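Architecture and fold: a report
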Amino acid sequence: MSSLWPRIEPLLARVSKPARYIGLERGAQRRDHHPGAVTWLLVYPDTYEIGLPNQGLQILYEILNERPDAVAERAYAPWVDMEAGMRAAGVPLFSVDGHRPAGTFDVVAFNLSAELTYTNVLNCLDLGGVRVRAEARGDDDPIVVAGGHCAFNPEPLAAFIDAFVIGDGEEPVGWITEVLGDWKRHGRPGGRRAVLAELARLPGTYVPSCYEAVYDGAHLREVVPRVAGVPERVEKATVADLADWPYPRRQLVPLIEVVHDRLNVEIFRGCTRGCRFCQAGMITRPVRERPAEQVRTMIREGLARTGYDEVALTSLSSADYSGIEGIVGEVVQATDGAGCVSVSLPSLRVDAFTVGVASEIQRVRRTGLTFAPEAGTWRLRRVINKLITEADLYAAVEAAYSQGWRRVKLYFLTGLPTETDEDTLGIAQLAREVVAIGRRHVRGASATVSVGGFVPKPHTPFQWFGQNSVAELERKLGLLRDALRRSGAQVRWHDPAASFAEGIASRGDRRIGPVIERVWRAGGTFQEWSERFDLRLWTDAMAAEGLDPDWYVTRHRDRDETLPWDHIGAGLHKEFLWQDWQAALAEHGLPDCRWTPCYDCGVCTGYALEHVVASPVPPAGGSQGTGQDLSRGGTRPEQPVPVRLGPTRSPAA
Amino acid sequence: MKSGAHTALRLRYAKRGRIRFISHRDVARAFERALRAAGLPLAFTQGFTPRPRMGFGPALALGYESDAEYLDVALERPVELERLPVDLSAVLPTGLTVTGVAELAARAPALGESITHHCWEIEVTPAIDAFKDPAPGPAPARLLDVVGGRVDALRSRSAWEVERDRKGITTRVEVRAGLHRVEVVPGPDGAVLLTVEVGAGATSPRPAEVVAAVAADLGLRRVIRRAQWIERDGVRRDPLVADAARTPLECAS
């Protein structure tokens, strides 16, 4: 199929940000669609600016394009103005690399990073001329695949997706390519049904049409195989050693500004801090560090190839990487002088040690530093197992302001299990104290408090918890706003209505599929975008399907209830999660198993894996990790905690 | 280029094809990254956020193409120019191509102040609805006559006032004196090609204003900046040549 470009180009004169649709990034690949290749269209179901930097998509794009038997191109959800033009002109969803129609690919694969993008998945299929419902597709239609963190509860999208990849995608995309390549070469024996059944036998691959959901009145009884030879429970795929997968090697360099616009080097995958609200930390275990030497190579070669002047060392808690100071120091040294490279560490731990590392790397631009205490009181932080004491936070903040930062950003969740108004107001108290510390060092010091409504996620100890209602979240945000009037701290919050819709999709079962379809048909695309989000679309769709939103969102689940994702394995024993839930309610913290004896969450033992961690001891500083006194906390120390001083100590003026 | 750097280069580059849909700021960022990736010894600005010292010629509007854009870059030491256009083009995004490089004479004036003329080529087609499948059949035979007549009329005017909006304020500007030449010839696929030479200042007509005057009811397929000049003492020179310390290195795009 030839390029659609001549039909796309005239549309671009009339749309916002036309460069979203042109491709041409450095690192983009243009390969022939030869008959021997399985062709993949990797789709990020949100705008180009959000989707382009996605590391998962870029990794798979490279891995597939290195294979002689595969070709991969990329697509992103066209913004509403472009979609209108495309539909009027009869232009289907296209790849940005070769501008080929989505429907001509063998595989259309979606990255599922957020539940509120689900309606965009349906829209992208429809715009690509692919039948939205999987059961309606024929032998010549693309195989529709989805992966990413949201795939750990695949059920809400079960009607639309042919095959889900659960866990790390590096290996499964190769296995799927081989199965589909064989099938194509042999004239598609047995048709679509046969090849899907074969995919269902691959590790880490869940084919919903091979399973049946059985209900007991309103409750789900079980999801069971309906064809022979597929596993009762699909276990996630896990890359044992990140060193075998040094991707991306050729990170895409976008032509327009995108989020995370910098070189991104993943330094480890997985996290065992054990924060009980955090789905990412639960489903990506165990911890697998990339060898320091490989990290250095990826930084050096990546910077030289892309011309970026910033590198982010990414992970779920980057200060926990063994020898993080060494790596950071080397990058800073190697690129010292004019035009030096800045290093950023997303997901910083909250402690003074971390600020020390941060000051090492941000010698020039000290604008803002972000911490995530997540809850307002030590009691509630024990419930969620985010074991940061007030002393930790104040020492970190003291260090930050005294070393030249002018603005500190604090992330919190509200609507957490056992939360009382005292906990909510604790956020205001912390923020006020942070501003007071700041003003002792910097005139006009400010703090921003970002508050999100907590949405319980599958495969976490909080999966049984009934989410706060919209009204309750709004009441708490109101309390907080009142308590922070004239405090010097700005409050930003996530729309509680959007958290509610997210809650419907997050823990939904197959009955939520028609709801998502209704929201999409009613025009509800880009629900991640506040200007496009509309809760009415969701509640109307629930009503039309005869479903009670509160049953899905605010209801507490029982211990023996079958959860819609029980047939999907993240490695965690359900019993471990339940015990951890009970420990949460009892306000008991759980140490990090990287450095303390194994408590058998199930992942390492079940999958015969081990942590890949270079250092046998936890990093310096902070009370997190092992050996912490869990009963401590609550009061601010008389003396500021001394902070390790780096070589260039002078506060930036 | 300001003092402090040891040497400065002037680059000429083309912006052709799909990349016409990125903005001037995007082009600047692409060059900044490419200059780093090519390993050139860039001179940086002082301050909290050091940036490479670069100076661009007049911005090219998003959607327009060009054969002749210019960029000055300060370096900490001289470099070998021979391979520079090829090496730099290799690390620029597809569609941005370096077509010449010159070592800049000391105290050469900035591009923005010295470029005096632009030459545009504008491809006009019968009216099309961009949101419909464009299938421009043969142009009406009269297209060349119609546009030709309007061009004649424009040329014969002694005054030509245009309205411009800037931050919500509308001003009227007299631009006739800035229109130096306008020609019309048959183009490819039934289109007609306008060649327009204008001055570089704010009192010269812009391509969109020429289109509005002679082809407002027609389709606009393509706008290409074909050349820019520095005119001094009645002589027009390519900016690559005008302030070069020695003979520039030129290559095809």
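Here the structure is a predicted model, which means the values were calculated and not measured. The numbers attached to residues start from 1 for each chain and follow its sequence in the written order. To label them, take the chains in the order written and letter them from A, then take the ligands in the order written and number them from 1. Totals for whole chains, interfaces and linings use all residues, but because this is a predicted model, local features are given only for residues with pLDDT of at least 70 and pairs of side-chain atoms are given and counted only at 80 or more. For side-chain calculations, the full set of non-hydrogen atoms in the structure is used, while hydrogens and water are omitted.

Quick look at the overall build of chain B now. A tally of regular secondary structure across chain B gives six helices and twelve strands. The globule rule is 2.2 Å times the number of residues to the power 0.38, and the radius of gyration it is compared with is taken over C-alpha atoms. Against the compact-globule benchmark of 18 Å for 253 residues, chain B has a radius of gyration of 20 Å, which places it among compact chains. In terms of overall dimensions, chain B has C-alpha extents of about 60 × 40 × 40 Å along its principal axes. For chain B, the residues scored as buried account for 50% of the 253 residues in total. Only heavy atoms enter the contact rule, under which two residues are in contact if any of them lie within 4.5 Å. Considering only intrachain contacts with a sequence separation of at least 6, the fraction spanning at least 24 residues in chain B is 74%. We get accessible surface area from the Shrake-Rupley algorithm with a probe of 1.4 Å; when it comes to residues, only the shown protein chains can shield them. Summing over all exposed atoms, chain B offers an accessible surface of approximately 12,000 Å²; the carbon and sulfur share of this is 51%. Note on charges: Lys and Arg go in the positive column, Asp and Glu in the negative column, and His and the chain ends are not counted at all. Charged groups are reduced to one reference atom each: NZ for lysine, CZ for arginine, CG for aspartic acid, CD for glutamic acid. The average position of the 36 basic charges and that of the 32 acidic charges among the side chains of chain B differ by 4 Å. Note on conventions: DSSP H or I runs of at least 4 residues are helices, E runs of at least 2 residues are strands, and numbering of each starts at the N terminus. We call a residue buried when its accessible area falls under 20% of the maximum for its residue type, exposed when it is over 50%, and partly exposed in between, using a 1.4 Å probe and counting protein chains only.

Here we take up the overall build of chain A. A tally of helices and strands in chain A yields 21 helices and 19 strands. C-alpha extents for chain A along the principal axes are approximately 75 × 60 × 50 Å. Within the span of chain A, comprising 653 residues, buried residues form 62% of the whole. Carbon and sulfur atoms provide 51% of the accessible area of chain A, an area that totals close to 23,600 Å².

Next up on the list: the packing of aromatic side chains. All names here are of chain A. Note on aromatic pairs: the rings of Phe, Tyr and Trp (six-membered ring only in Trp) are paired at centre separations within 6.5 Å, and the planes decide the class, stacked below 30 degrees, edge-to-face beyond 60, tilted for the rest. Following the criterion strictly, the structure yields 18 aromatic pairs over all chains and no others. Centre to centre, the rings of Tyr-48 and Tyr-76 are 5.1 Å apart; their planes meet at 80°, and the pair counts as edge-to-face. Of this pair, Tyr-48 sits in helix α2 (residues 48-51) while Tyr-76 is found in strand β2 (residues 70-76), placing the two residues 28 residues apart along the sequence. Each of the two residues, Tyr-48 as well as Tyr-76, counts as buried. Their ring planes at 45° and their centres at 6.4 Å tell us that Trp-245 and Tyr-247 sit as a pair that is tilted. For Tyr-247, a relative accessible area of 7% puts it in the buried group. An aromatic cluster is defined as three or more aromatic residues linked by ring pairs; in this entry it consists of Phe-454, Phe-462, Phe-465 and Trp-581. Looking at Arg-74, its charged tip hangs above the ring of Tyr-61, at a distance of 5.1 Å from the centre. Counted as over-ring charges are cases with an Arg CZ or a Lys NZ within 6 Å of the ring centre that also lie within 35 degrees of the ring normal. The side chain of Arg-555 reaches across the aromatic face of Trp-551, ending 4.0 Å from its centre.

This brings us to the interface of chain A and chain B. With 41 residues of chain A at the contact, the number on the chain B side is 31 residues. Summed over both sides, the interface of chain A with chain B buries roughly 2,900 Å², with 58% coming from carbon and sulfur. Interface area lost by chain A to chain B is led by A:Leu24, A:Arg26 and A:Leu255, which between them contribute 19%. We call two N or O atoms a polar contact when they sit within 3.5 Å, provided that within protein one can donate a hydrogen and the other can accept it, with sequence-adjacent residues counted only if both atoms are side-chain atoms. Where chain A touches chain B, the interface holds nine residue pairs in polar contact (both at pLDDT 80 or more). Summed over both partners, the accessible surface that disappears when two parts come together, traced with a 1.4 Å probe, is what is meant by buried area.

Attention now goes to helix α17 (residues 513-521) of chain A. Buried within α17(A) are the following residues: A:Gly513, A:Val515, A:Ile516, A:Glu517, A:Val519 and A:Trp520. Buried residues along α17(A) sit in contact with α5 (118-127) and α18 (535-544) of chain A.

All names here are of chain B. The element strand β9 (residues 192-199) is extensively covered by neighbouring structure, given that seven of its eight residues are classed as buried. The pairing of strand β5 (residues 117-125) with β9 spans eight bridges and is antiparallel. Each bridged residue has a counterpart across the sheet, and for Trp-120 the counterpart in β9 is Val-196. Each pair of strands is called paired provided DSSP finds at least two bridges between the two strands. Relative to β9, strand β8 (residues 179-186) runs antiparallel, the two being bridged by seven bridges. Note on β9: the bridge partner recorded for Pro-186 is Val-192. Where β8 folds back onto β9 in an antiparallel hairpin, the turn is made up of five residues, including Asp-189, whose phi is positive at roughly 50°.

Its 14 residues give helix α15 (residues 470-483) of chain A an end-to-end C-alpha distance of 20 Å, which sits within 8% of 20 Å, the value for a rise of 1.5 Å per residue. The set of residues buried in α15(A) consists of A:Val470, A:Leu473, A:Lys476, A:Leu477, A:Gly478 and A:Leu480. Take the residue count of a helix, subtract one, and multiply by 1.5 Å to get its expected span.

Moving on, we come to the packing of helix α4 (residues 143-156) of chain B against helix α5 (residues 207-215) of chain B. Residues and elements named next belong to chain B. Where α4 meets α5, the axes come as close as 9 Å, and the angle between the chain directions of the two elements is 115°. Here α4 contributes Val-147, Arg-150, Val-151 and Leu-154 to the contact with α5, which in turn contributes Ala-213, Val-214 and Ala-215. Note on residue classes: Ala, Val, Leu, Ile, Met, Phe, Trp, Tyr, Cys and Pro are nonpolar, Asp, Glu, Lys and Arg are charged, and everything else, Gly too, is polar. A class-by-class count of the residues in the contact of α4 with α5 yields six nonpolar, no polar and one charged. The axes are straight lines fitted to the C-alpha atoms, using for helices just the contacting stretch, and the angles between their N-to-C directions are given from 0 to 180°.

With that out of the way, let us pick up the domain arrangement of chain B. Residue and element names in this part refer to chain B. Segment limits for the domains were obtained from an automatic or database-derived domain assignment. By the assigned domains, chain B splits into domain 1 (7-115 + 235-250) and domain 2 (117-232). Distance from the C-alpha centre of domain 1 to the C-alpha centre of domain 2: 27 Å. In this complex, domain 1 contributes 23 residues to the contact, which on the side of domain 2 involves 19 residues. Both sides of the domain 1 and domain 2 interface together cover about 1,900 Å² of buried area, and 45% of this is carbon and sulfur. Any Lys or Arg side-chain nitrogen located within 4 Å of an Asp or Glu carboxyl oxygen qualifies as a salt bridge. At the boundary of domain 1 and domain 2, one finds six salt bridges. A salt bridge links Arg-232 to Asp-243; the shortest N-O distance between them is 2.9 Å. Applying the counting rule to domain 1 against domain 2 returns 14 residue pairs in polar contact (both at pLDDT 80 or more). Contributing elements (two or more residues each) for the side of domain 1 that touches domain 2: β3 (65-75), β11 (235-237) and α6 (239-242). It is β3 that contributes the most residues to the side of domain 1 that touches domain 2, six residues altogether. Classifying every residue of the side of domain 1 that touches domain 2 by side-chain character gives eleven nonpolar, two polar and ten charged.

What the rule picks out here adds up to 82 salt bridges over all chains. Several salt bridges converge on common partners, so that one network encompasses A:Glu9, B:Arg16, B:Arg20, B:Glu65, B:Asp67, B:Glu121, B:Arg222 and B:Arg226.

So, about the nonpolar core. In terms of nonpolar packing, the biggest core is built from 170 residues, with A:Trp40, A:Phe110, A:Leu199, A:Trp538 and B:Phe31 touching the most fellow members. Of the residues forming this core, the biggest block, seven residues, is contributed by helix α1 (residues 24-37) of chain B. When residues no more than four places from it in sequence are discounted, the contact partners of B:Phe31 are B:Leu11, B:Tyr13, B:Phe56, B:Leu71, B:Leu92, B:Leu96 and B:Val98. We define the nonpolar core as a collection of buried residues of types Ala, Val, Leu, Ile, Met, Phe, Trp, Tyr and Cys that are connected through side-chain atoms lying within 4.5 Å of one another.

Take the sheet that holds strand β6 (residues 205-206) of chain A next. Residue and element names in this part refer to chain A. Read from one edge to the other, the open sheet built from six strands follows the order β2-β1-β3-β4-β5-β6, with strand pairing classed as mixed. Lying at the two open borders of the sheet, with one neighbouring strand each, are β2 and β6. Contacting β1 (38-44), β2 and β3 (107-111), helix α3 (residues 55-65) runs over the sheet at an angle of about 155° to β2. The strands touched by α5 within the sheet are β1, β3 and β4 (143-147), with β3 carrying the most contacts at an inclination of about 160°.

This part takes up the sheet that holds strand β14 (residues 342-344) of chain A. Where strands meet in a sheet, backbone hydrogen bonds hold them as pairs that are either parallel or antiparallel. All names here are of chain A. Reading across from one edge, β10-β13-β14 is the order of the three strands in this open sheet, with parallel pairing throughout. Of all the strands in the sheet, just β10 (263-266) and β14 have a single pairing partner and so form its edges. For this sheet, the mean angle separating the axes of adjacent strands, direction not counted, is 25°. Across three bridges, strand β13 (residues 310-314) lies against β14 in parallel orientation. Within β14, the position partnered with Glu-310 by the bridge is Ser-342. Across the face of the sheet, helix α10 (residues 324-334) comes into contact with β13 and β14 while running at roughly 170° to β13.

Values of pLDDT, the confidence the predictor places in each residue, fall between 0 and 100. Here chain A averages 91 in pLDDT, while 92% of its residues score no lower than 70. Confidence over residues 625-653 of chain A falls short of pLDDT 50; this stretch has 49 contacts with residues more than four positions distant or in other chains.

What follows covers the environment of A:Pro373. Residues and elements named next belong to chain A. Position of Pro-373 relative to the elements: it lies in strand β15 (residues 368-374). Taking the C-alpha atoms as reference, Pro-373 lies 8.9 Å from Leu-413; in sequence the two are 40 residues apart. With near-sequence residues (within four places) excluded, Pro-373 lies in contact with Val-350, Arg-381, Lys-386, Ile-388, Leu-393, Leu-410, Tyr-411 and Phe-412.

To continue, consider the packing of α5(A) against α17(A). All names here are of chain A. Relative orientation of the contacting elements α5 and α17 amounts to 65°, with a least axis distance of 9 Å. Compared by their axis directions, α5 and α17 come out roughly perpendicular. Here α5 and α17 pass one another in a crossing that is right-handed. Note on element contacts: α17 touches α5 through Ile-516, Glu-517, Val-519 and Trp-520, opposite Tyr-118, Thr-119, Leu-122, Asn-123 and Asp-126. Broken down by class, the residue content of the contact of α5 with α17 amounts to five nonpolar, two polar and two charged. Should an angle lie under 35 degrees it is considered roughly parallel, over 145 roughly antiparallel, and from 65 to 115 roughly perpendicular; all remaining angles are considered oblique. Here a crossing is taken to be left-handed if its near helix is turned anticlockwise relative to the far helix by less than a right angle, and right-handed if that turn runs clockwise.

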